[in-house]
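Structural overview for review
Take a look at the letters that make up each chain.
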Amino acid sequence: MKERRNYLLLMGAIAAALVGALLLAIPGSPIYQKPVLGLDLQGGVEVVLRAIPEKGQTVNTAQMQTAQSIIENRVNGIGVTSPNVAIQGNNEIVIQLAGVSDPAKAAQVVGTTGNLQLFDFEPSLAAPTVQGNQQPAPFPSLYKLLTDTTVAKAASKGSPEAYYLAKTVKKPVKTKVKGKKVTKTQTFQEIVQGPTSNLKQLLLPYKNGKQPKDTTVLKVPSGLQAIYCTATATNGCPGAGQNGTSQNGKYWYLFKLPPALTGKDLVESGITADVDQNTGSPIVTLQFTHHGSDEFKRITEAEFNRGRVNAGQAGQLNTKDQNTIATYAGHNAIVLDGRLVETPYIDYTDNQLSQGIVGNAQISEPTSKAAKQTALVLQSGSLPYTFQQIESTTVTATLGKASLHQAILAAAAGLLIVALFLLVLYRFLGLVAVFGLVIYGLLYYAAILLFNVTLTLPGFAGMILTIGVAADANVVVFERIKEEVRAGRSVRAAIAAGYGKGFHTILDANVVTVITAMVIFLIAVADVKGFALMLLIGTVISLITAVFATRAMLGLLSGFKWFDNPRFMGAEGQQTAKWLQIDFMGKRKLWFALSGVVILAGIVSLGVRGLNLGIDFRGGSQITFSTAQPASTGTVQKFMEQNGQPDAIVQGTGKPVDGKFVDWQVRANTLKAGEQRTLTQSLKSNLGALKTGVKNVSGTFGHQIAVDAIYGIIVSLLLITIYIAIRFDRKFAMPVILAMLHDILVTVGVYSISGREVSVATVAAVLTVLGYSIYDTIIIFDRVRENIPLMRRSPFATIANVSLWETIRRSLATTFITLLPIICLYILGGAELKDFAFALIVGVTSGAYSSIFFAAPILTIWKEREPEYARRKVQAEAGALTGVGDVSSAGTVVTGTAALMASEEALSAEPTPELVDVATATPSEPAAQARREKRRQRRRSRPHGRAR
């Protein structure tokens, strides 16, 4: 009764979790959360940034690639997954962001230069923004500051430090005249470009690079820098109001260059968003390098002494009032990208600071979010150039609605077929498995919503794999239950034993998959990171549903008499069909030859043809145009296919009109000058295109994704090797690693032979293969490990064969279950999905093959070198030579296994089984004898004989 009560409580908890999952997923519920879709599924915002080089700088490819990498890291850091970041032309970077609630803010963060400067505030101020005894006096506008007579005269001498472009604009301003609100038009000077140290760069965005009318070029004197402060800054703007009141809340200072410290003096790993222990306010902690620490100590010591001098001259040296101290103290200025963030002061009444500050500095921020963003910008490093946003627009999904609907339809069809397959194979147990999959699906979707996971096409790869893993966890247990029922146990006892024995197998396989997912998640970026997160979440939830949900359901049902029927769950008859009882180890040379042929063909193809790399990796041409009439993405996609660009990525931009667009951008394979002219002419004649333009773009960052994926695979292999060596035996690790490499080589080789395009999604598909191959191999090896102590006198080849006979139904069933939704995706999916599904089909098939025909034979070869197994092999061969049994080409005794078991039975004083004659033996008889031997070994290991 206690056990039944526990199952009821567990099912109650699962039911509560399902209710919560449904509330998260149902629109209109109090806790409803909308799923976040990636660029390939929903589109997003596109921002174009232009690099503005500083004085003496030139824009070069290496620095642009550095900027691209930094921006990618920032995009991932602010929680945007599946972005596209590409270099366009020579000096522009295009960023496409999905699922961003505030595109302008996100663009500001990723495009921030990240140039940190630290000044000794008062001595660094330059006239006319300083008065009297180093008292700050900022100007209310940059135009007013740079047109000041003193500044303009200084700027006319030598080479200016920076240029700005100001434009005359007229704006309506509301004011009161005789108590009534009146709108008047006033003329203002707005800064529209800058700063840049290059006048040509300043005027580059304008026609012919010439200065537009109604504009003024403003110059910053050499050796000075214009820095602004907003009135909402943490400490306000020191001296604000001395030269007038700002209309926009900004006040401008002139600082002397160079600064005392820069971002180069920081340790990136020591930059963190934190909370001030004294005030509880958000801060950013800065850790200095050795040089930076020495310099910070020097300037803070100077500020301490300056504060004491100022306060002493005013007769306030002993006053402890903080406002008074702040008035006379020396300050340092923290500047980020030309903005004065903070001016903290040194308390000259605290003698502990007399030698300066040794240690870290901190920046106060108004909110935790702001602190995290500042820390992110500083952690990722400063951009090599100042980047100016020149364009921002919305873009449609790269995959297209039709492809999304096809993917959803394929997934639904695949799940339905999987459910039918489970029902046919496992009957009532299959029904329990289907309910388990429903629970898994709801909890999985809820986890995606709770963790705010961005759904992308590679994410579907992780989802498909975890569907197979979730179903397989049940298959492993159900096969165990059927084994125990065939061995004579009651259904209730078989369920308990099946879960007890199956749990360790499931745990090992899932732990290895989790290791792979976690490593890839920590190392990789963007789409691959999304794949890893989906795989990680799905694996954990599948383990929970298999161990708890289906266990509770079966535990409750096992109390009914009608449930105690082997036929009811398909447990009657033999465990393994005769045609599956192959001498796998004896034919290992054949399996190795087959693998060798496929891998060799792939290597030759890679050397001759290479891989058909997609736009994600090798870049291409971006065509922009407008159509006279709104058109659908399908129409433009079809046009590109007809013009020799079937892989083109078509996106509508701007606001849609009834789901159609007039503005377009298309990323296609690199076009030569003649091809560009032909395509442009075809666009005009067929689609009525206007304003056509073509630019070269780099690969989004497919190369980086591939490199990160390789690092992830290498680290995963090392960790998996350690885990298997601990849980199994170090000799079990190498076959697992070789099987994984086998599957990757086969998949990549087949891709090269078939000439299919390699995209970022393909990388995710290869990683899916990696996860599946590990999982399947671990399941088989776990059975080998279990059989080793049960077959104490058998050659290792026999142990491996028997283990494969016992698990091959599971392997085939799981492979079929995993392939079903993928085949549906291949058949029902569009052109964008077929290459993706093809890689999965090849990889999963290769993974199933390598687990049975590659990993197990390698393990056998390795283990047979051990003295004990070498002795057993010799004894088996000797028995075969005397006519007791038959030896396969690999030394595996087929009917000789029965002879060896007979000798074991004689030693244990139990009835000896009848030896099987070589001429009349059938493949099923050794398997039956092996099963009987295993049952006898189990009985010997029980303290009280047979189970009752």
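The rules behind these values
- Residues numbered from 1 in each chain as written.
- Predicted model: local features only at pLDDT ≥ 70, side-chain atom pairs only at ≥ 80, totals over all residues.
- Heavy atoms only, no water.
- Helix = DSSP H or I, 4+ residues; strand = E, 2+ residues; numbered from the N terminus.
- Buried < 20%, exposed > 50% of the residue type's maximum accessible area, 1.4 Å probe, protein only.
- Contact = heavy atoms within 4.5 Å.
- Areas by Shrake-Rupley, 256 points an atom, 1.4 Å probe, with all protein chains shown as cover.
- Axes fitted to C-alpha atoms, helices over the stretch in contact; angles between N-to-C directions.
- Parallel < 35°, antiparallel > 145°, perpendicular 65-115°, else oblique.
- Left-handed = near helix turned anticlockwise from the far one by under 90°.
- Nonpolar A, V, L, I, M, F, W, Y, C, P; charged D, E, K, R; others polar.
- Core = buried A, V, L, I, M, F, W, Y, C linked by side-chain atoms within 4.5 Å.
- pLDDT = per-residue confidence, 0-100.
- Pairing = 2+ DSSP bridges.
- Expected span 1.5 Å × (residues − 1).
- Bend = angle between axes of the 7 residues up to and from the residue.

A tally of helices and strands in the protein yields 28 helices and 26 strands. Here the protein holds 948 residues, and 53% of them are scored as buried. Taking all contacts inside the protein whose residues are at least 6 apart in sequence as the whole, residues at least 24 apart take part in 77%. Looking at the protein as shown, the accessible area adds up to about 41,600 Å², and 58% of this sits on carbon and sulfur atoms.

Our focus in this paragraph is the side chain of Thr324. Mapping Thr324 onto the fold places it in helix α10 (residues 322-328). The residues touching Thr324, leaving out its near neighbours within four places in the chain, are Gln316, Thr319 and Tyr348.

Put simply, helix α17 (residues 588-608) and helix α22 (residues 730-754) touch, their axes get as near as 8 Å, and they point 50° apart. Overall, the two elements α17 and α22 adopt an arrangement that is oblique. Between α17 and α22 the crossing geometry is left-handed. Across the interface between the two elements, Ser595, Val598, Ile599, Ala601, Gly602, Ser605 and Leu606 from α17 touch His742, Leu745, Val746, Val748, Gly749, Ser752 and Ile753 from α22. Looking at side-chain class alone, the contact of α17 with α22 contains 8 nonpolar, 6 polar and no charged residues.

Right, let's talk about unusual backbone geometry for a bit. The omega angle of the peptide bond from Gly194 to Pro195 is 5°, so this bond is cis rather than trans. Backbone torsion omega between Leu257 and Pro258 reads 0°, so that peptide bond is classified as cis. Examined against the element boundaries, Pro258 turns out to sit in the loop between β12 (250-256) and β13 (261-262). Not every positive phi belongs to a glycine, and Asp214 is a case in point at roughly 60°. Asp214 sits in the exposed class, given a relative accessible area of 58%. Located in the positive-phi region is Asp337, a residue other than glycine, with phi close to 55°. In this structure, Asp337 sits in the loop between β16 (332-336) and β17 (339-342). Judged by its relative accessible area of 25%, Asp337 is partly exposed.

Counting 115 residues, the largest nonpolar core has Leu422, Phe478, Ile481 and Phe584 as the members making the most contacts within it. Leu118, Phe288, Ile334 and Leu378 belong to the second-largest nonpolar core, a separate cluster that totals 18 residues.

Let's shift gears to the confidence of the model for the protein. Of the residues in the protein, 81% have a pLDDT of 70 or more, and the chain-wide mean is 77. Taken as a whole, residues 883-926 scores under 50 in pLDDT and shows 90 contacts with residues more than four places along the chain or in a different chain. Here residues 941-948 is a poorly scored stretch, pLDDT under 50, and it has 4 contacts once near neighbours within four places are set aside; other chains count.

By the criterion of burial, strand β23 (residues 649-653) is predominantly enclosed, with 5 of the 5 residues buried. Burial along β23 is two-sided: the residues Ile649, Gln651 and Thr653 and Val650 and Gly652 are all buried. Note that β23 and strand β24 (residues 661-668) share 5 bridges and pair antiparallel. Each bridged residue has a counterpart across the sheet, and for Val650 the counterpart in β24 is Val666.

Okay, the sheet that holds strand β18 (residues 361-364) next. Strand order across the open sheet formed by 3 strands is β14-β15-β18, with antiparallel pairing between neighbours. Here the strands that pair on one side only, and so sit at the sheet edges, are β14 (272-275) and β18. In this sheet, adjacent strand axes meet at a mean angle of 35° when their direction is disregarded. The sheet strands contacting helix α11 (residues 368-379) are β14, β15 (282-286) and β18, and the helix crosses β15 at an angle near 20°.

Take helix α24 (residues 796-828) next. Its 33 residues place the ends of α24 45 Å apart at the C-alpha level, agreeing with the 48 Å of an ideal helix rising 1.5 Å per residue. At Thr807, α24 shows its largest kink, close to 50°. The buried fraction of α24 is high, at 26 of 33 residues.

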